[in-house]
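Chain residues, written in single-letter form:
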Amino acid sequence: MSAYPFREIESQWQAYWESNKTFRTPITVDASKPKYYVLDMFPYPSGAGLHVGHPEGYTATDIVARYKRMRGFNVLHPIGWDAFGLPAEQYALRTGTHPRITTERNIGRFRKQLKSLGFSYDWDREVDTTDPSYFKWTQWIFLKLFERGLAYEAEVPVWWCEELGTTLANEEVVDGRSDIGGHPCEKRMLRQWVLRITEYAERLLDGLKQTDWPVSTKEMQRNWIGRSEGADIDFPVQGVESARIRVYTTRPDTIFGATYMVLAPEHPMVDQISTEAQLDQVQNYQELASHKSDLERTELQKEKTGVFTGAYAINPANEEAIPIWIADYVLYSYGTGAIMAVPGQDERDWAFAAKYDLPIRRTVQPPTGFTGLAYTGDGVAVNSEFLNGLHIEEAKARIIDWLEEHNVGRRKVNYKLRDWLFSRQRYWGEPIPMIFENEKVQALPEDVLPINLPELDEFKPSGTPEGPLALAKDWLMTTNPETGNLARRETNTMPQWAGSCWYFLRYIDPQNSERLVDPELEKYWMPVDLYIGGAEHAVLHLLYARFWHMVLYDAGVVSTPEPFAKLVHQGMILGELEYTAWRDTTTGKWVSAENVTDGKEIHTGAIVEAIQIDEDKVAKSMERFVLSEAPDIQLDVRAFKMSKSRGNVINPDEIIEQYGADAFRLYEMFMGPLEQVKPWSTRGVHGTFRFLSRTWRLITENPLNEKEPDQDQLRVLHQTIDRVTSDIEELRMNTAIAALMEFVNAAFKWEDIPRKIAEPFVLLLAPFAPHIAEELWSCFGYKDTLAYVPWPELKQEYLTEEVVDLPVQVNGRVRATIRIAPEADKQEVIRAAMLEPNVRRFLGENPPRREIYVPGRILNLVAAK
RNA sequence: GCCCGGGUGGCGGAAUUGGUAGACGCGACGGACUCAAAAUCCGUUGGCCAUUGCGGCUGUGUGGGUUCGAGUCCCACCCCGGGUACCA
């Protein structure tokens, strides 16, 4: 297999880079040079080791980093570990192994794997979020948040499972029972730390405008923030003095159509207003609702349910008395937890009104011919007294003025974004640097940071909602450094997001024990010029990191409001393409794929099993894939996400062992556009391996010569420089590699390859396949690394060809190609084209009616009618 | 439902501002080398027709349109992927 000695070459160069610290970026650099900060989303070092998805983004950034170094930039290209998190803690629960041990072991493996891929990280800047010298500053940022009033305590409902003695996430509770074990759970109000991210909603929205991010990611963040404009309106309750129900609406213009009101079941006013007669029903409904998780509530969206409270509110616009209901289609967590229901203009309200026979009144005139129920579109107000005849936008403005004049409502901007629940009842996270003295919360002073985790022998849940830290008795009780009094530590820890909110800042100045980051260095390096990572972080990580960054900006710690100038998501790598046939489990006969749904034959209902079919037993018939032995049996063809259970996981270590890191890197980049989802193909790796072998032979089997290159060689080289350079700039690694392949294909046809051609080519190859490039470079007689050798310069003059093949069309269809000088004028080109027999044949007797000449590209002759 | 992407050979994918559709690679087929196989090298490779020579027709999800010329622009529709969901 070893057509070129990649094993020796790769380990030898990895050792060279390591011992020479080739990619170390000194803390103080020559600041007159331009900088480029290229960042990977740092991995969570899981026990499973690196998967093929990691090196995809990491190779892309490595190519850019290597390229920018050769272009004379100071490059910051660091890596680290996002190492707090649940898996290590759960492993500890099962095995008793301390999370620190597991984490260190996993980091060791990841580090080794990343080094075996030849990534040009500055390993002197490695950070680890679980290292006290790192999380000291995570805690420090928490103190800043607290100082600025952005961290506060609140009673928040969380799922509590008595049996398991722990709090659970929403996803871990089904039907009011724990997902694991099926133990009963209940919602409990628990004191939690919450970060006031909503304060930054507007700026988080606004800042997106300045970033070069994928549109879909920006859109997701916008949706997540969910800004809406409307009004708060107060509705008095009939017969209950001074009781006001406040609603939020984006359609205040429809207030005359508000024929009833709905409160969320948890709304605190429910108890106050419900009548004696209805109270039982109301409480029953509340009880029922409290057992449903948010997820379930939204899954059951089709059928609406609710209960009348017996109370009536007064519509402030027309003094009408309208019934007040409770229903779980109104969420307590959004707006005010209460709505004015306008069935005429809202589909949900219409469905509810129809079910419970509540009045429906249209206040926007639907277009003629409208056959739907609720009309949510544009139009003119009707049945709305002084709003009649106004367009909805005018009507909104008008009614808000009216509401404000009468002091019953006001303009209001609302956000879907909630404040960030920041407490976790876990061990393996950053302790929150707060204490309680006589139940009074207090921030610890900066100089006692970091607050380390206590040593624990057991990681079992404490049995109270406080989390495992409450078990560390010695740690738990402390003295308030300011008063000297006894105090109790906060036992909650931070969520996994915390450490990843600011790690890119620490890379800039990783050893600084005095500050989070030196301001001068921060100013030089920030913002991150290119950030590559998975789209699964499109919302939370990227939103949280932006939020912290804005807070640090306001606190004067950083100099840019936005941390990441350009963001790219690498697409997921799926498993190999799979051909699946279906077979009846009882008869053993094939079943065509179009007759299979949910593992059953659609007519007979017979259970079918999936059989993997080898590619060479597959044929294509019409538009479908079929079994070649039974062409009426259709197959399903698709690639699946890699998963252990499917058995289609590709282990990068094995690929590297077989083909080498360079071939592996090259293949991952050659598969297709970086952002795209694409199926793996080990055969494809073989293709890039073959290319490297050919390249190896091209250079090593040709005696180096000092001849002057000919025009053709220069042209091919400079075309390659041109394409590779612009492709790297645009992150089009697949076409850059295609250009390198074309170069090698062309070079194989030459008698020999002069040094003046071979050397620049090797430099072009270097960012993609650095090990082989270094080795070839040393074959040229150079002693040092090529990592800082200037990138080959494009000379335009070599690109121009003396003659080009020009396609000649007649009526838009190519009928001939002529060889002609690109600078030839139109008449000359036409004359040459007319000499072509095939052109004359399609043109007929008469001269062309029209001639279109795009210089150097195409000539189109339009035949006379 | 809504919001974003996207539909090109057997497969992954190329194609400035509209200008030779299928670069590059995989696979397949034929040949060379070999006792044989692997590896390697050379050639062919969208489909159909013609191949006695140039060649012809057709083809980028479907239907229509604009244009000298459409994968690319416009309109309508179908399908796939991702996100999100009672947000008032």
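About the thresholds
- Residues numbered from 1 in each chain as written.
- Chains lettered and ligands numbered in written order.
- Predicted model: local features only at pLDDT ≥ 70, side-chain atom pairs only at ≥ 80, totals over all residues.
- Heavy atoms only, no water.
- Helix = DSSP H or I, 4+ residues; strand = E, 2+ residues; numbered from the N terminus.
- Contact = heavy atoms within 4.5 Å.
- Areas by Shrake-Rupley, 256 points an atom, 1.4 Å probe, with all protein chains shown as cover.
- Lys, Arg positive; Asp, Glu negative; His and termini not counted.
- Charge placed at Lys NZ, Arg CZ, Asp CG, Glu CD.
- Salt bridge = Lys/Arg side-chain N within 4 Å of Asp/Glu carboxyl O.
- Buried < 20%, exposed > 50% of the residue type's maximum accessible area, 1.4 Å probe, protein only.
- Pairing = 2+ DSSP bridges.
- Axes fitted to C-alpha atoms, helices over the stretch in contact; angles between N-to-C directions.
- Domains from an automatic or database assignment.
- Phe/Tyr/Trp six-rings, centres within 6.5 Å; stacked < 30°, edge-to-face > 60°.
- Lys NZ or Arg CZ within 6 Å of the ring centre and 35° of its normal.
- Core = buried A, V, L, I, M, F, W, Y, C linked by side-chain atoms within 4.5 Å.
- Parallel < 35°, antiparallel > 145°, perpendicular 65-115°, else oblique.
- Nonpolar A, V, L, I, M, F, W, Y, C, P; charged D, E, K, R; others polar.
- Left-handed = near helix turned anticlockwise from the far one by under 90°.
- Expected span 1.5 Å × (residues − 1).
- Arc of directions from axis to C-beta.

(A) Just the overall build of chain A, in detail. For chain A, the count of helices and strands is 26 helices and 37 strands. Dimensions of chain A along its principal axes, counting C-alpha atoms only, are 100 × 85 × 70 Å. Looking at chain A alone, contacts between residues at least 24 apart form 71% of all its contacts between residues at least 6 apart. For chain A, the accessible area works out to roughly 40,300 Å², and carbon and sulfur atoms hold 50% of it. One way to put it: in chain A the 96 positive side-chain charges average out to a point 4 Å from where the 127 negative ones average out.

(B) View of the pattern of salt bridges. Counted according to the given criterion, the structure contains 40 salt bridges. The closest approach of N and O atoms between K21 and D124, which form a salt bridge, is 3.0 Å. Of this pair, K21 sits in the loop between α1 (6–20) and β1 (35–40) while D124 is found in the loop between α4 (99–116) and β4 (127–128), placing the two residues 103 residues apart along the sequence. Assessed through its relative accessible area of 44%, K21 is described here as partly exposed.

(C) Seen up close, the sheet that holds strand β31 (residues 630–634). The strand order β29-β30-β31 describes an open sheet built from three strands, whose pairing is antiparallel. Single-partner strands in this sheet number two, and they are β29 (618–621) and β31. Along the sheet, successive strands turn relative to each other by an average axial angle of 50°, direction set aside.

(D) Local environment of the domain arrangement of chain A. The domains assigned to chain A are domain 1 (34–128 + 497–570), domain 2 (227–412), domain 3 (573–641), domain 4 (682–792) and domain 5 (804–862). Placing the centre of domain 3 and that of domain 5 at their C-alpha centroids yields a distance of 51 Å.

(E) Geometry of unusual backbone geometry. Omega for the peptide link from L449 to P450 comes to 0°, which places this bond in the cis form. Tracing the sequence through the fold places P450 in the loop between β19 (440–443) and α13 (473–476). Cis geometry is found at the peptide bond from M526 to P527, where omega equals 0°. Within the secondary structure, P527 sits in the loop between α16 (519–525) and β22 (530–534). One non-glycine residue, E319, lies in positive phi territory at about 65°. Counting through the fold element by element, E319 comes out in the loop between β13 (307–314) and β14 (321–326). What makes E319 exposed here is its relative accessible area of 60%.

(F) Expanded view of the packing of aromatic side chains. Tallied over the entire structure, the rule returns 51 aromatic pairs. A ring pair is formed by W497 and Y544, whose centres lie 5.8 Å apart and whose planes are at 65°; its orientation type is edge-to-face. Remark: Y544 occurs in helix α17 (residues 540–554) and W497 occurs in helix α14 (residues 497–500); sequence separation between them is 47 residues. Under the relative-accessibility criterion, W497 is labelled partly exposed at 25%. You can call Y544 buried: its relative accessible area is 11%. Here the aromatic cluster, defined as three or more aromatic residues joined through ring pairs, consists of F142, F146, W193, Y200, W420, F422, W497, Y544, F547 and W548. Its guanidinium or amino end placed over the ring of W475, R489 lies 5.2 Å from that ring's centre, counting from NZ or CZ. Above the plane of the ring of F842 lies R815, whose end atom (NZ or CZ) is 3.6 Å from the centre.

(G) Quick peek at the nonpolar core. Ranked by size, the top nonpolar core spans 89 residues in total, and within it L114, W680, F743, V762 and F768 carry the most contacts. With nine residues, helix α22 (residues 733–747) is the single largest residue contributor to this core. Each residue touching L114, except ones within four places of it in the same chain, is listed here: L50, Y58, I79, W81, F119, Y121 and W123. Judged by nonpolar contacts, the second largest core, of 79 residues, contains W193, I197, I225 and F459.

(H) Quick peek at the pairing of strand β12 (residues 260–263). Residue alternation in β12 divides its side chains into two sets, Y260 and V262 and M261 and L263, and both sets are buried. With four bridges connecting them, β12 and strand β15 (residues 338–341) associate as antiparallel partners. Within the sheet, the bridge partner assigned to Y260 lies in β15 and is A341. Both β12 and β14 contribute to a ladder of three bridges, which runs parallel. The residue bridging L263 from the neighbouring strand is I326, located in β14.

(I) Looking closely at helix α23 (residues 755–765). Across the eleven residues of α23, nine count as buried, placing the element largely inside the fold. Among all positions in α23, only I757, A758, E759, P760, F761, V762, L763, L764 and L765 are buried.

(J) How the structure looks around the sheet that holds β22. Strand order in the open sheet formed by four strands is β2-β1-β22-β23, with parallel pairing between adjacent strands. For this open sheet the edge positions go to β2 (74–76) and β23 (567–570), each flanked by a neighbour on one side alone. Strand after strand, the sheet turns through a mean of 20° between neighbouring axes, direction not considered.

(K) Broad picture of the environment of L543. Locating L543 in the fold gives a position in helix α17. Judged by its relative accessible area of 0%, L543 falls in the buried class. Linking L543 and I225, residues 318 residues apart in sequence, is a C-alpha distance of 9.4 Å. Not counting chain neighbours up to four residues away, the residues in contact with L543 comprise I197, L204, Q221, W224, I225 and L417.

(L) Fine view of the environment of R732. Checked against the element boundaries, R732 lands in the loop between α21 (711–729) and α22. For R732, a relative accessible area of 38% gives the class partly exposed. Along the sequence, R732 and V237 sit 495 residues apart, while their C-alpha atoms lie 64 Å from each other. Those residues in contact with R732 that lie beyond four places of it in its chain are S726 and D727.

(M) Local environment of the packing of helix α2 (residues 53–70) against helix α19 (residues 661–670). One way to put it is that α2 packs onto α19 with a least axis distance of 9 Å and a crossing angle of 100°. If you check the angle between α2 and α19, you find them roughly perpendicular. Packed against α2, whose contacting residues are P55, E56, T59, A60, D62, I63 and R66, the element α19 presents F664, R665, E668 and M669 at the interface. Class assignment for the residues of the contact of α2 with α19 results in five nonpolar, one polar and five charged.

(N) Local environment of the side chain of N734. Relative to the helices and strands, N734 resides in helix α22. With relative accessibility at 18%, the residue N734 sits in the buried group.

(O) Quick look at the packing of α2 against α21. The interhelical angle for the contact between α2 and α21, taken along N-to-C directions, is 120°, at an axis separation of 10 Å. With respect to α21, the element α2 is oriented oblique. The two elements α2 and α21 meet at a crossing, and its hand is left-handed. In contact with I63, Y67 and K68 of α2, α21 contributes T725, I728 and E729.

(P) View of α1. Over its 15 residues, α1 runs 21 Å from end to end, which matches the ideal 21 Å to within 8%, given 1.5 Å per residue. Within α1, burial applies to F6, I9, E10, W13, Q14 and W17. All buried residues of α1 project into a common sector of 120° when viewed along the axis, lining one side. Exposed and facing more than 90 degrees away from the buried side of α1 are E8 and S19. In this structure, the buried residues of α1 make contact with α2, α4, α18 (652–659), α19, α20 (682–700) and α24 (770–779).

(Q) Main features of the pairing of strand β37 (residues 858–862). Judged by how many residues are buried, β37 sits mostly within the fold: four of five residues are covered. One ladder, built from five bridges, connects strand β36 (residues 850–854) with β37; its direction is antiparallel. By the bridge assignment for β37, Y853 is matched with L859. Here β36 folds back onto β37 in antiparallel fashion, the turn holding three residues, of which G856 has a positive phi close to 75°.

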